[in-house]
Amino acid sequence: MERMTPILYLVVPCYNEEEIIEKTAQVMKDKLGRLLQAGQIRQGSKILFVNDGSKDSTLMLLHRAAAEDSVFSVVSLAGNYGHQSAILAGMMAARKYADVVVTIDADLQQDIEALDKFLASYMQGAEIVYGVRNDRNTDGTFKKGTATAYYKLMQLLGTKVIANHADYRLMSKKALDALSEYQETNLFLRGLIPTMGFASDVVYFDVKEREAGKSKYTLSKMMTLAMDGITSMSVRPLRMIAALGFCVCIFSVAMCIFSVIDWLNGNTVQGYTTNLIVSLIMGGVTLFSLGIIGEYIGKIYMETKKRPRYIIDTVVWKDDAAGKVQDEEKTE
């Protein structure tokens, strides 16, 4: 079925981006203008910034941009809920008005010119289009190595994660409506969205050097995201613990039989080193296993609380429905 030219909303999560946000707004506005002029999107397309509890002047600059031009809208969260929650908040606010939503970072590293390919894939029938970076040459050696190892680990654990895809994606209204049915508190969109089963496509793009500011993804945040991805999308670590426990039990029984036979034969061995090594190995395995199980129990604990994934503080939307958005999306 032939599709109509869509209304596009760009959803841009922001956290302490005062050094680059004005340039980002101008670059994105210019791109939307070119897409509109080329007939690839319709009137009513917007850029929706999501302020994720910024502590600098980011929110003030966003409000100024929205006051000067109705192409900009701003959803400001009550606190810092994290990158994944900010993206979700923007998508859920935009889905009522947009035919397609593209999530993109505010730092301009993701190639905005790839939007043409995103839209072309949508017009050809894709409900979800993933932006995948061609390489990781802009990353340092440590980040490049850990990211590659992480994606391989996720695939080994059975998670449908797309390597080198970092939340630069297009989703149709149909896909967004389906995503709104997912209610889990522990969000890992990179692993969750590929499980939805809609027709999808991949667009490759080059990553640019950051023009201003510094990355907000610290090592601790990356580690948290990695752990959320593993424990939110796969139970295979628990099965691996069970298998390891079974192997250790078999080994322990064998060692007991060997020790008894050795004792019956009159062999008396001090065995201090052996006992020490076995104790250390068993202690390490036990503590590591308890740690993994604890992560899963923590996830269950947070899910049972049914706390909102984000709370919207203010909405700046030059539209008659702005109040409606604020009322309906106050908590999620």
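What you see is a predicted model; the values in this text were computed from it and never measured.

Parameters and conventions
- The written sequence of each chain sets the order in which its residues are numbered from 1.
- Reporting of local features is limited, given that this is a predicted model, to residues whose pLDDT is at least 70; pairs of side-chain atoms are given and counted only at 80 or more, and all residues count toward the totals for whole chains, interfaces and linings.
- Hydrogens are left out, water is left out, and the side-chain values use all remaining heavy atoms of the structure.
- Three labels apply to residues, based on accessible area from a 1.4 Å probe with only protein chains included: buried if under 20% of the type maximum, exposed if over 50%, partly exposed otherwise in between.
- Secondary structure follows DSSP: runs of H or I at least 4 residues long count as helices, runs of E at least 2 residues long count as strands, and numbering of each begins at the N terminus.
- When DSSP finds two or more bridges between a pair of strands, those strands are recorded as paired.
- In predicted models, pLDDT denotes the confidence assigned by the predictor to each residue on a 0 to 100 scale.
- For this analysis, residues touch if any pair of their heavy atoms sits within 4.5 Å.
- Any Phe, Tyr or Trp ring, taking Trp's six-membered ring, that has another such ring centre within 6.5 Å forms a pair; planes under 30 degrees apart are called stacked, those over 60 apart edge-to-face, and the others tilted.
- Whether a charge lies above a ring is judged from NZ of Lys or CZ of Arg, which has to be within 6 Å of the ring centre and within 35 degrees of the ring normal.
- This arc is taken over the directions from the axis of the helix to the C-beta atoms.
- Note on geometry: axes are lines fitted to C-alpha atoms, helical ones only across the stretch in contact, with angles between N-to-C directions running from 0 to 180 degrees.

### Thoughts on the pairing of strand β5 (residues 128-133)
Next, step 1: Judged by how many residues are buried, β5 sits mostly within the fold: 6 of 6 residues are covered.
Next, step 2: Pairing of β5 with strand β6 (residues 165-172) involves 4 bridges; the strand directions are antiparallel. By the bridge assignment, V132 is partnered in β6 with H165.
Next, step 3: Examined bridge by bridge, β5 and strand β7 (residues 200-205) share 6 bridges and lie parallel to one another. Bridging from a neighbouring strand, V132 pairs with Y204 of β7.

### What about the confidence of the model for the chain?
Next, step 1: The pLDDT averaged across the chain works out to 81; a share of 73% of its residues lies at or above 70.
Next, step 2: Considering only residues more than four positions removed or in separate chains, one finds that residues 320-329, a stretch of pLDDT under 50, has 16 contacts.

### Observations regarding unusual backbone geometry
Next, step 1: For N16, which is not a glycine, the phi torsion comes out positive at approximately 55°.
Next, step 2: Following the sequence through the fold, N16 ends up in the loop between β1 (8-14) and α1 (21-37).
Next, step 3: In the Ramachandran plot, L108 falls in the positive-phi region, its phi being about 65° despite a non-glycine side chain.
Next, step 4: Looking at where L108 falls in the secondary structure, it is placed in the loop between β4 (100-103) and α4 (115-123).
Next, step 5: Residue classification places L108 among the buried positions, given a relative accessible area of 8%.

### Regarding the packing of aromatic side chains
Next, step 1: All chains considered together, the criterion is met by 5 aromatic pairs.
Next, step 2: Seen in terms of ring centroids, F118 and Y168 are 4.8 Å apart; in terms of plane orientation they differ by 40°. Their pairing is tilted. Note that F118 is positioned in helix α4 and Y168 in strand β6, a separation of 50 residues in sequence. Side by side, F118 and Y168 carry an identical accessibility label, which is buried.
Next, step 3: Residues Y168 and F205 carry aromatic rings whose centres are separated by 5.0 Å and whose planes lie at 80° to one another, so their mutual orientation is edge-to-face. Taken as a pair, Y168 in strand β6 and F205 in strand β7 lie far apart in primary sequence, 37 residues in all.
Next, step 4: A relative accessible area of 0% places Y168 in the buried class.
Next, step 5: Members of the aromatic cluster, joined through ring pairs, are Y9, Y97 and W317.
Next, step 6: Across from the ring centre of Y122, 4.2 Å away, lies the NZ or CZ of R3, which sits over that ring.

### Considering helix α2 (residues 58-68)
Next, step 1: Among the residues of α2, T58, L61, L62, A65 and A66 are the ones counted as buried. In a view along the axis of α2, the buried residues occupy a sector of 135°, so they form one face of it. Away from its buried face by more than 90 degrees, α2 exposes A67 and E68.
Next, step 2: If you follow the buried residues of α2, they end up packed against β1, α1, β2 (46-51), β3 (72-77) and β8 (312-316).

### Observations concerning the sheet that holds β5
Next, step 1: The strand order across the open sheet built from 8 strands is β7-β5-β6-β4-β1-β2-β3-β8, with neighbouring strands paired in mixed fashion. At either end of the open sheet lies a strand with only one pairing partner, and these are β7 and β8. On average, adjacent strands in this sheet sit at an angle of 20° to one another, irrespective of strand direction.
Next, step 2: Summarising the sheet, β1 and β4 pair through 4 bridges and their orientation is parallel.

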